[in-house]
Every structure is written in C-alpha cells, then in structure tokens.
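The lines below spell out each chain.
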Amino acid sequence: MKIDLTKDEYRNLIDMLYIADWIITSYKTEIDPELEKYQQLRNKFYAHAEKMGMENLVKYDEELKNYYETAEFENESACHELINEYDNKQFWDRLIEDLTMRDLHAEVDVRKIKENDSDAYFDRYEAIEKKYIREFEKNGIENLILKAARAIRTH
C-alpha cells in the first residue's frame, strides 16, 4: 500500500502521532512490550521526516534505535495545548461522573431501580449530574471540600 501525503498532511500526521503516543505512554513508568507495535508504527512514519523536509522536527537516535521529536517540534507544535484541553475536559467529565455515581448509589439501591425502572434511574442520574455541572461551571473547585479520613493506625 502506498500513501501519498502533502508536506502539510505529513506535518499534521506527526502531530497526531505525537498526541497518540503521549496518550498511550505518558503515564507508563516501564516499557510495555504490548505497546511496542504502536512505537514501531510511529517510527515507520517518522522515518520519512527527512524526505518530507522535516528533519528539524524529528531525529533518529542511533544509540536508542528510535525516532524522537526535537526541541523545535516541542516549541512550535500546538500538541500540548490540545492535550491540555483534552485533559481539562476529561478531568471535569470524570469528576462529575464519579460524584454523580457516588450520590446516586448513596440515595438508592441502584441495581433494583435500574432493573425495575431504567427511566427513573437515568432521570435521577441526569438530575444529579446537572447539579454538578452547574456548580462546577459557576465555581470550579472553589466549593469542593474533602472530608478528612480517619487515620489508620499501623502500630
């Protein structure tokens, strides 16, 4: 298979591969052999950087046998802005979802209501969720307070 890309398309592809690699590997503390296939595919495309006139953005490290983005790439790319935007949205979505589920479970036996009346379950979920959405849109985390857990004695 042959894929023809313009220089602009290739530049966008580098950004997309960088973002995908960030999502896949940024929280890993050890090399995961299961993820090697993604690194190999990324490298396959990064190998064309010089031919596409973008050797200033991607370099091959002979010692590590891997391609890496350069400092210039890091400085000029909007990738981190996109990643930060995603992380921020994901944070709020996840916080609202977790708090909603916590409150819903505290109110009702979720299994019973879900089995007997799924509309009532989802209506209640939606009402609780809307409460958190309004609160966080208005105040962010300003009113969020964590209760201190009791200390667990280990000795």
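Look above for the structure.
Residues numbered from 1 in each chain as written. Predicted model: local features only at pLDDT ≥ 70, side-chain atom pairs only at ≥ 80, totals over all residues. Heavy atoms only, no water.

Engineer: Please clarify how the side chain of Arg42 should be interpreted in this entry.
Structural biologist: Mapped onto the elements of the fold, Arg42 is located in helix α2 (residues 36-46). For Arg42, a relative accessible area of 4% gives the class buried. Within polar-contact distance, the side chain of Arg42 engages the side chain of Asn66 at 3.4 Å. Polar side-chain contacts of Arg42 include one of 3.1 Å to the side chain of Glu69. Look past the residues within four positions of Arg42 in its chain and what remains in contact with it is Leu17, Asp21, Asn66, Tyr67 and Glu69. (Helix = DSSP H or I, 4+ residues; strand = E, 2+ residues; numbered from the N terminus. Buried < 20%, exposed > 50% of the residue type's maximum accessible area, 1.4 Å probe, protein only. Polar contact = N/O pair within 3.5 Å; in protein donor to acceptor, adjacent residues only side chain to side chain. Contact = heavy atoms within 4.5 Å.)

Engineer: It is not clear to me how the packing of helix α4 (residues 79-107) against helix α6 (residues 118-139) should be interpreted in this structure. Could you clarify?
Structural biologist: A pair of packed helices is characterised by two quantities: the angle between their axes and the separation of those axes. In the contact formed by α4 and α6, the axes pass within 9 Å of each other and the chain directions differ by 130°. When the axes of α4 and α6 are compared, the pair comes out oblique. Once α4 is placed against α6, the crossing between them reads as right-handed. Here Trp92, Leu95, Ile96, Glu97, Leu99, Thr100, Met101, Arg102, Asp103, Leu104 and Glu107 of α4 lie close against α6, whose contacting residues are Tyr121, Arg124, Tyr125, Ile128, Glu129, Lys131, Tyr132, Ile133 and Phe136. A per-class count over the contact of α4 with α6 returns 12 nonpolar, 1 polar and 7 charged. (Axes fitted to C-alpha atoms, helices over the stretch in contact; angles between N-to-C directions. Parallel < 35°, antiparallel > 145°, perpendicular 65-115°, else oblique. Left-handed = near helix turned anticlockwise from the far one by under 90°. Nonpolar A, V, L, I, M, F, W, Y, C, P; charged D, E, K, R; others polar.)

Engineer: Teacher, can you tell me more about the nonpolar core here?
Structural biologist: For soluble globular proteins, nonpolar side chains are generally found buried alongside one another. Grouped together as the largest cluster of nonpolar side chains are 14 residues, with contacts concentrated most on Ile14, Tyr18, Tyr46, Met54, Val58 and Phe73. Of all the secondary structure elements, the ones that give two or more residues to this core are α1 (7-25) and α4. Per-element tally for this core: the top contributor is α1, with 5 residues. Leu99, Leu104, Tyr132 and Phe136 belong to the second-largest nonpolar core, a separate cluster that totals 9 residues. (Core = buried A, V, L, I, M, F, W, Y, C linked by side-chain atoms within 4.5 Å.)

Engineer: I'm lost on the packing of aromatic side chains in this one. Help?
Structural biologist: The relation between two aromatic rings is expressed through the spacing of the ring centres and the mutual angle of the planes. Using the criterion set out here, one finds 7 aromatic pairs in the structure. When the ring of Trp92 is compared with that of Phe136, the centres are 5.2 Å apart and the planes differ by 45°; the resulting orientation is tilted. Of this pair, Trp92 sits in helix α4 while Phe136 sits in helix α6, placing them 44 residues apart in sequence. Looking at Trp92, the relative accessible area reads 22%, which means it is partly exposed. Members of the aromatic cluster, joined through ring pairs, are Phe91, Trp92, Tyr132 and Phe136. Its guanidinium or amino end placed over the ring of Tyr132, Lys131 lies 4.6 Å from that ring's centre, counting from NZ or CZ. (Phe/Tyr/Trp six-rings, centres within 6.5 Å; stacked < 30°, edge-to-face > 60°. Lys NZ or Arg CZ within 6 Å of the ring centre and 35° of its normal.)

Taken by themselves, the reported measurements are silent on function.
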